Amino acid sequence: MTVQTDASSNGQRVGFYPGTFDPFTLGHLDIAHRALNLVDHLVIGVALNPGKAPRLSIDERCACITETFALEGITQVSVVAFSTLMVDAARAQKARFIIRGLRSESDLTSEMPMAAINRNLAPDLETIFLTAREEHRLIASSLVRELLAYGGDIRPYVPENIARHLLPNATEKPT
């Protein structure tokens, strides 16, 4: 699913914010908002990761994220699905920056090697790390999925439209 215009054709600084976003959390939303202070247009790349078993389909994830920004009236964000190398997806969107969120030191430990490899693969792309705000540091999509599976209230952790989408389907227990 691609919902976008070619923002880079008019010389805009484009950032690419990749992730599986299953689901897109308030932490992800905060990173996206802050990235918009650094770039003219932000492309949120929703990854099809065969190694994970997502709760939401890639089309549902794209639609939910698109709706989140539409409800806020934000037009400088596009949402695209991708199943390629992240740097190839970023280049396809004519991005100059890769945006990554960090919640903890362990995130930095895993992100640094990826940033180094991405730099080797695409020296024209610059990785920007944004640290999570304190109130979002403990929010992880995997914890939201587990909370949802056990009937917990996910509304403090995800945008309201995403909670409305997920809560009626909260019947699958983790295995």
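Residues numbered from 1 in each chain as written. Predicted model: local features only at pLDDT ≥ 70, side-chain atom pairs only at ≥ 80, totals over all residues. Heavy atoms only, no water.

A. Fine view of the nonpolar core. By size, the foremost hydrophobic cluster in this structure holds 33 residues, and its most contacted members are L42, I44, F69 and I99. At the level of elements, α1 (26-35), β3 (41-47), α2 (58-71), β4 (77-82), β5 (97-102), β6 (126-131), α5 (141-149) and α6 (160-166) are the ones that each hand at least two residues to this core. Here F69 is in contact with F24, L29, A32, H33, I44, I74 and V77, once residues within four sequence places are set aside. Listed in part, the 14 residues of the second largest apolar core include V43, A47, A90 and I98. (Core = buried A, V, L, I, M, F, W, Y, C linked by side-chain atoms within 4.5 Å. Buried < 20%, exposed > 50% of the residue type's maximum accessible area, 1.4 Å probe, protein only. Helix = DSSP H or I, 4+ residues; strand = E, 2+ residues; numbered from the N terminus. Contact = heavy atoms within 4.5 Å.)

B. Structural detail: the packing of aromatic side chains. Applying the stated criterion across every chain, the model contains four aromatic pairs. On the numbers, 5.4 Å between centres and 65° between planes, the contact of F21 with F24 is edge-to-face. Considered together, F21 and F24 belong to a single accessibility category, that of buried residues. (Phe/Tyr/Trp six-rings, centres within 6.5 Å; stacked < 30°, edge-to-face > 60°.)

C. How the structure looks around the pattern of salt bridges. Counting across every chain of the model gives 10 salt bridges. Put simply, D30 and R133 hold a salt bridge, and the shortest N to O gap is 2.9 Å. Linking D30 in helix α1 with R133 in the loop between β6 and α5, this pair joins segments that are 103 residues apart in sequence. The partner of D124 in a salt bridge is R91, and the shortest N-O contact between them spans 2.8 Å. Taken together, the residues D124 in the loop between α4 (105-121) and β6 and R91 in helix α3 (residues 86-92) connect sequence positions 33 residues apart. Looking at D124, the relative accessible area reads 49%, which means it is partly exposed. For R91, a relative accessible area of 36% puts it in the partly exposed group. Residues joined in a network through salt bridges with shared partners are D30, R34 and R133. (Salt bridge = Lys/Arg side-chain N within 4 Å of Asp/Glu carboxyl O.)

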